[in-house]
Amino acid sequence: MIVTLIVACEIAFWVLLAAGLALRYGARRPRLGAAVLLCEPVLELVLLAVTAVDLKNGAAPDWKHGLAAVYIGFAVGLGHSTVKWADARVAHRFAGGPPPVKPPKYGAARAVHEWRVAGRWTVAAVTALALLQAAVWYVGGDGDVSSLQSWQRTMLFVIGINLVIAASYTVFPKREPHKGPPAS
């Protein structure tokens, strides 16, 4: 049931995103579109509540409960940037908005961009870690929480990978290709 709900929440996320953007740009109802987009966090609250009830009713904590926590964490950390990304593209394509800003390719600007990306992923992973730890405490010492702890290790790995990527752009900044003299 939890996996089905996670899939339903993901589908509902994209449906709400499409509906909100359609209302904002297609129907020219920006407030109604924003209201629809603001409903997206309700999906995560429903998933959190159902997962907690499932554990409360005696379900053994397993990978599905961990996946629910990870999904919620990633929605918290990356949901807003995903909505902004889609909004910029729809505004450009259908409402005459400016072209979406591309991330910088070189130097310190690229490093700053990578640190921002790492920050979003870190927020996502830390949120998942907190939810996973809350689930461990919720289940208590009587239940097998090894699957939840496995997800916690995975979230620490996600944080580490993102920090290594961002640090690599700081220590070894990508340089703009040198343009030599014009060929004659």
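Before reading on, note that the structure itself is shown above.
Residues numbered from 1 in each chain as written. Predicted model: local features only at pLDDT ≥ 70, side-chain atom pairs only at ≥ 80, totals over all residues. Heavy atoms only, no water.

J.: Please set out the overall build of the protein chain residue by residue, giving values where relevant.
T.: Secondary structure assignment for the protein chain yields 6 helices and 0 strands. Here the C-alpha atoms of the protein chain give a radius of gyration of 21 Å, more than 25% beyond the 16 Å that 2.2 N^0.38 yields for 184 residues. Overall, the C-alpha framework of the protein chain stretches about 80 × 45 × 20 Å when taken along its three principal axes. Residue burial in the protein chain is summarised as follows: out of 184 residues, 33% are buried. Accessible surface, the protein chain as shown: approximately 11500 Å² in total, 68% of it carbon and sulfur. (Helix = DSSP H or I, 4+ residues; strand = E, 2+ residues; numbered from the N terminus. Rg over C-alpha atoms; globule rule 2.2 N^0.38 Å. Buried < 20%, exposed > 50% of the residue type's maximum accessible area, 1.4 Å probe, protein only. Areas by Shrake-Rupley, 256 points an atom, 1.4 Å probe, with all protein chains shown as cover.)

J.: Any chance you could break down the pattern of salt bridges for me, citing the residues and the numbers?
T.: Going through the model one piece at a time under the given rule, you end up with 3 salt bridges. When the shortest N-O distance is used, the salt bridge between Arg 24 and Asp 87 registers 3.1 Å. Of this pair, Arg 24 sits in helix 1 (residues 2-26) while Asp 87 is found in helix 4 (residues 63-95), placing the two residues 63 residues apart along the sequence. (Salt bridge = Lys/Arg side-chain N within 4 Å of Asp/Glu carboxyl O.)

J.: Let's hear about helix 2 (residues 30-38): which residues, and what values?
T.: Among all positions of helix 2, only Gly 33, Val 36 and Leu 37 are buried. Viewed along the axis of helix 2, the buried residues span an arc of 100 degrees, placing them on a single side of the element. Along helix 2, exposed side chains directed more than 90 degrees from the buried face belong to Arg 31 and Leu 38. On its buried side, helix 2 packs onto helix 1, helix 3 (40-56) and helix 4. (Arc of directions from axis to C-beta. Contact = heavy atoms within 4.5 Å.)

J.: Kindly report on unusual backbone geometry, identifying the contributing residues and their values.
T.: Although it is not a glycine, Arg 28 adopts a positive phi angle of roughly 55 degrees. In this fold, Arg 28 is placed in the loop between helix 1 and helix 2.

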